[in-house]
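# Descriptive structure summary
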Amino acid sequence: MGLGSIASRALRSNTLRPGHTNLLRRSIVTTTELRNAEAAQAQPETPPPDLPPRTPVAGARVHFPNPEDAIEVFVDGYPVKIPKGMTVLQACEIAGVDIPRFCYHSRLSIAGNCRMCLVEVEKSPKPVASCAMPALPGMKIKTDTPLAKKAREGVMEFLLMNHPLDCPICDQGGECDLQDQSMAFGSDRGRFTETKRSVVDKNLGPLVKTVMTRCIQCTRCVRFATEIAGVQDLGMLGRGSGEEIGTYVEKLMTSELSGNVIDICPVGALTSKPFAFKARNWELKGTESIDVTDAVGSNIRIDSRGPEVMRVVPRLNEDINEEWISDKTRFFYDGLKRQRLNDPMIRGPDGRFKAVSWRDALAVVAEVIHQVKADEIVGVAGKLSDAESMMALKDFLNKMGSNNVLCEGNGPNPNADLRSGYIMNTSISGLENADVFLLVGTQPRVEAAMVNARIRKTVRATQAKVGYVGPATDLNYDHEHLGTGPQTLSEIAKGSHPFSSTLMNAKNPCIIVGAGIFERDDKDAIFSVVEAIAERAKAVRPDWNGMNVLLLNAAQAAALDLGLVPESDKGIESSKFIYLMGADDVNLEKIPEDAFVVYQGHHGDRSVYRANVILPASAFSEKEGTYVNTEGCAQTTVPAVPTVGDARDDWKIVRALSEVAGVILPYDSLSAIRSRMKTVAPNLVNVDEREPATFSYSLKPESQQKISTTPFKAAVENFYMTDPITRASKVMAQCSALLSKK
Amino acid sequence: MAHMMRNLKVQPNSTSLEEARKRTFDFFRMACRSIPSIMDIYNLQDVVAPSELRSSVAAQIRKNSHVSNPKVIDMLLFKAMEELKDIVDHSKQRHHIIGQYVVGNKGQVQDLGTKDEGNSEFLKNFYTTNYF
Ligand code: SF4
Ligand code: FES
């Protein structure tokens, strides 16, 4: 809730106040009409002057599922049409009145226990809690009356009675709902002089810091944990003034979404532990960017101070991450400050790295690349590469005569021809329409936490059934573990498995295949079995496409869009020159002894130990790059902080190297490389728009492979450490030590 | 050092190159001795090492190594002394010192070698900065 709107409303009402009688009297209640609410109310109602048109709060929109169900209510005399079943609070929001609230949250169930949202409703004897009261036709809601104000003042006074006065040392200060609302709606003094109660702080793990004395028992965190995160860790203990939020037993909060309780806690009771006392929120510069730790592409805001990333918070995007982000996204940023490469380096004959100038480093690389045969050159793009740099790398190596450019995680022979074969065709928000899920070799909870939250939301809302094929795992919703290997799939395809009838009877079946399967030798065979299942279940129809691939890394989809497909699958083993662009998860053992390895990247991670030349590049928080998420939506990052040391943007390095090597690439600016990308994959420049795939499976040639009996493997072993940045992060290391399930 | 410099007078001119040379060394020593207190005054511990400042002073002197007229040397020494006094008296601020003596030699001198000839504008920019 914007402080501005609250404050302006408070000011507006102040001017109405006739308060000249008691200017010098120090009474507890300052407004005379509040002391005499009934009398003030009894005054004859003046007909409302012509009302200015109001805009709904925060652009709230109404969706009428059924036009007959629209009802009309009056908010402060202003008529609004709303669908049946909305609450009074929502009606006020549509009428453009922001009701103060603490416990109500639009994505959580309604608790109605803070009483801050009290409004007056005509003919009701008492003020009502608007968040819990359904709006009825013809209801006359008054939000600005003395009675409502008195009620808010009273609630505020009770809340502040036990709230410590530690705003100056509280991390929430400046973005605290309690602070804002007590400025706008509170009384200017309290009547309670007893000592405040205090509550023992709870240990919720390395991410969430608790100062439980500040808690106002709104239970948002409890509802978030049980409803969205799906862990029953948090709860309410005790009664009355002994009421406390806590874990029932001494226990850490083990959810991959636990960081979101920091955002939803309206006070400073739950704050970020890594961010504690690091900065004040008003000195931070926010940059709207994209997360790259998984293939979901969650929308984030990077808050920085000077050259340092101070924290990461989510941004609202209903189609991708709603308003949540995973813990990895929220807390991995400290990895951006450690283990960074800041100078070009060459490994000397003694095996040690020596810092050199860009000129020398590029000259060495250019010289070596001309000494090897064209088909011995291999380029590998890493998990975090942006589309621009992959385009440049592919163009550069093609000009050198090599066609061996691949992207980590896409496996030895990816299918890049049919876009529907590697993206999530249903789209992330479309998952909510599915009624049966079949998860094939994927553990969405660790591979893409936000997709998992969507599935959980669907399962909770519509009791959708979930079948899972893969190694035993812990999904936080009801699911049926069908089997561990591909044989189960063949059984489902043949119809001999009990789950196939569930799938057959589903209206909108949804099959999600994990990208871990890309690494398997029998990948094509598995895909044709899955397609057979989709065929039987009628999962691909003109009005519904339920055939999905859940990718693992931020770079994967763009790499396939750009056609980063290796020519031969023995590329790396027989290479003499390997260009690793941020690729740290390639099997270093496969690289021949005598190969010359160039590592371009931002972190001194695994591949650096094998590299001959290091070219420092900028991380995603420092450059402008295009990423395509698993549902095929292209989004761009925006530089939030300057680059470290002498690092350069990835595509610029490749462009410069191409010139030194004498095969100059024809683009000098970001817009030029983007127009080159447009000729290869037009969807990459349609930023923020999801481009659905056009062709479907029927066009694909039959595969001749046999499925093997090897069971599926987990694609992500450690949720908290999947890429160079998260591996460099101390917080992620603590998390994986304390929280990963053994 | 400050007390030594407080009472400085303009000395009579050096009579010979020998004497001017000796005065130059005296100045260099004085500058070197004031480096620790300069580091303190301007809080330079984390940006530069004393040895780097020493070589920066030496480089400034060497820049004029071709001068052989004792009168000119005296004049240059006078200016150098003035500068040193300003620094020791804290008449300057931290960024002056950093700009002139810490990044100065590398950051401000342009590399005008012939090796970049024939390179595109892009590559020339690339070698200097990431932001273009
Ligand atoms: S900790 Fe925060 S979110 Fe949880 S009940 Fe207390 S005030 Fe509400
Ligand atoms: S917001 Fe309505 S009772 Fe808390």
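Residues numbered from 1 in each chain as written. Chains lettered and ligands numbered in written order. Predicted model: local features only at pLDDT ≥ 70, side-chain atom pairs only at ≥ 80, totals over all residues. Heavy atoms only, no water.

### Overview of the sheet that holds strand E10 (residues 285-290) of chain A
Within a sheet, each strand pairs with its neighbour through backbone hydrogen bonds, oriented either parallel or antiparallel. All names here are of chain A. Strand order in the open sheet formed by three strands is E10-E11-E12, and the pairing between neighbours is antiparallel. At either end of the open sheet lies a strand with only one pairing partner, and these are E10 and strand E12 (308-314). Mean inter-strand twist for the sheet, computed between neighbouring axes without regard to direction, equals 30°. In this sheet, strand E11 (residues 299-305) lies alongside E10 in antiparallel orientation, the contact comprising six bridges. Counterpart to Glu-288 in the pairing with E11 is Arg-301. (Pairing = 2+ DSSP bridges. Helix = DSSP H or I, 4+ residues; strand = E, 2+ residues; numbered from the N terminus. Axes fitted to C-alpha atoms, helices over the stretch in contact; angles between N-to-C directions.)

### Focus: the packing of helix H11 (residues 387-399) of chain A against helix H18 (residues 650-660) of chain A
All names here are of chain A. Contact geometry of H11 with H18 gives a least axis separation of 8 Å together with a crossing angle of 20°. With respect to their mutual orientation, H11 and H18 come out roughly parallel. In terms of crossing hand, the pair formed by H11 and H18 is left-handed. Residues Glu-388, Ser-389, Ala-392, Leu-393 and Phe-396 of H11 touch H18, and the partners they reach there are Asp-650, Trp-651, Val-654, Leu-657 and Ser-658. (Parallel < 35°, antiparallel > 145°, perpendicular 65-115°, else oblique. Left-handed = near helix turned anticlockwise from the far one by under 90°. Contact = heavy atoms within 4.5 Å.)

### With respect to the pairing of strand E24 (residues 577-581) of chain A
Residues and elements named next belong to chain A. Counting buried residues in E24 gives five out of five residues, a clear majority hidden from the surface. In E24, alternate side chains face the same way, and those of Phe-577, Tyr-579 and Met-581 on one face and Ile-578 and Leu-580 on the other are all buried. Bridge analysis of strand E15 (residues 377-381) against E24 gives five bridges, and the strand direction is parallel. Across the sheet, the residue bridging to Val-380 is Leu-580, located in E24. Taken together, the five bridges between E24 and strand E25 (residues 596-601) define a ladder with parallel strand orientation. If you follow Ile-578 over to E25, its bridge partner there is Val-597. (Buried < 20%, exposed > 50% of the residue type's maximum accessible area, 1.4 Å probe, protein only.)

### Re the confidence of the model for chain B
As a note on interpretation, predicted positions should not be read in detail where pLDDT is low. Residues and elements named next belong to chain B. Of the residues in chain B, 83% reach a pLDDT of 70 or more, and the chain-wide mean stands at 83. Averaged pLDDT values over the elements of chain B bottom out at 53 in helix H6 (residues 104-108) and peak at 94 in helix H2 (residues 17-42). Every residue in residues 107-112 scores below 50 in pLDDT, and together they form four contacts with partners more than four places removed in sequence or on other chains. For this predicted complex, the interface score ipTM comes out at 0.78, alongside a pTM of 0.81. (pLDDT = per-residue confidence, 0-100.)

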